[in-house]
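Chain and residue survey
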Amino acid sequence: MAEQTHVLFVEDDDVIREATQLALERDGFAVTAMPDGLSGLEAFRADRPDIALLDVMVPGLDGVSLCRRIRDESTVPVIMLSARADSIDVVLGLEAGADDYVTKPFDGAVLVARIRAVLRRFGHAGGPAGGAGGGPDAVDGGVLSFGELEIDTEGMEVRRGGTPVALTPTEMRLLLEFSSAPGTVLSRDKLLERVWDYGWGGDTRVVDVHVQRLRTKIGQDRIETVRGFGYKLKA
């Protein structure tokens, strides 16, 4: 029997926490459910789950702060849960290192689909590095070079000026999409489909925040914004 995927779920509402835990367990997940951020952090460190679902508004240590603490220690995927589709909640969660977010109230099937989509891309962070558009400066054993930026598509490592750059799997997937088609504009919708595995409409703020996070790590001028169309990697 395949090993169960372990979910850490942090939610202070008893009804939502218990109902969601039962729903996830019926879908085959092993769930550790905690009512506040501090107990959630302790459970994360003790259990090392495969994915974390964090409500934004939890006592003790709020979900955004908990996400930052988790991201300081791990690249485990994080999905934020918020009762509001408020831009501040969404952006703060994503800037803290979350990979996706779901607005409450949510349908259980939708939540499971989003969890599985995140886990799929974390399990398959790699991919072919060839595509449309101009080629990189050099290709050597799976290493793509764009000026001082080097991307090892086999070892899943990135270096800038010879210094290793730590990327989350989502950031790595995003960079691989750009590097597969340098100089080609990729729309936000296309990036949502390819990186976030959205077969349906998604919030393009997820793309925008991740692009900003990626820029801070590989160089602000490496990814260019093409207004009204999307983004492209400078070849």
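Everything discussed here concerns the structure shown above.
This write-up is about the structure you can find in this document. (Residues numbered from 1 in each chain as written. Predicted model: local features only at pLDDT ≥ 70, side-chain atom pairs only at ≥ 80, totals over all residues. Heavy atoms only, no water.)

Helix length check: helix α8 (residues 205-218) (14 residues) gives 20 Å between terminal C-alpha atoms against 20 Å at 1.5 Å per residue, within 8%. Buried within α8 we find Val-206, Val-207, Val-209, His-210, Val-211, Arg-213, Leu-214, Arg-215 and Ile-218. (Helix = DSSP H or I, 4+ residues; strand = E, 2+ residues; numbered from the N terminus. Expected span 1.5 Å × (residues − 1). Buried < 20%, exposed > 50% of the residue type's maximum accessible area, 1.4 Å probe, protein only.)

Attention now goes to the packing of helix α4 (residues 87-95) against α8. It is at 9 Å that the axes of α4 and α8 come closest, and there the two elements cross at 40°. Overall, the two elements α4 and α8 adopt an arrangement that is oblique. The hand of the α4/α8 crossing is right-handed. Contact residues: α4 offers Ser-87, Val-90, Val-91, Leu-94 and Glu-95, while α8 offers Arg-205, Val-206, Val-209, His-210 and Arg-213. Residues of the contact of α4 with α8, tallied by class, amount to five nonpolar, two polar and three charged. (Axes fitted to C-alpha atoms, helices over the stretch in contact; angles between N-to-C directions. Parallel < 35°, antiparallel > 145°, perpendicular 65-115°, else oblique. Left-handed = near helix turned anticlockwise from the far one by under 90°. Contact = heavy atoms within 4.5 Å. Nonpolar A, V, L, I, M, F, W, Y, C, P; charged D, E, K, R; others polar.)

An order of β2-β1-β3-β4-β5 is seen for the five strands of this open sheet, with the pairing classed as parallel. Every other strand in the sheet has two partners, leaving β2 (30-34) and β5 (100-103) as the edge strands with one partner each. Neighbouring strand axes in the sheet, compared pairwise and without regard to direction, differ in orientation by 20° on average. Of the pairings in the sheet, the one linking strand β4 (residues 78-82) to β5 comprises four bridges and is parallel in character. If you follow Met-80 over to β5, its bridge partner there is Tyr-101. Where helix α1 (residues 14-26) meets the sheet, its contacts fall on β1 (6-10), β2 and β3 (51-55), and the angle it forms with β2 comes to roughly 170°. Docked against the sheet, helix α2 (residues 37-47) engages β1 and β2, running at close to 165° with respect to β1. (Pairing = 2+ DSSP bridges.)

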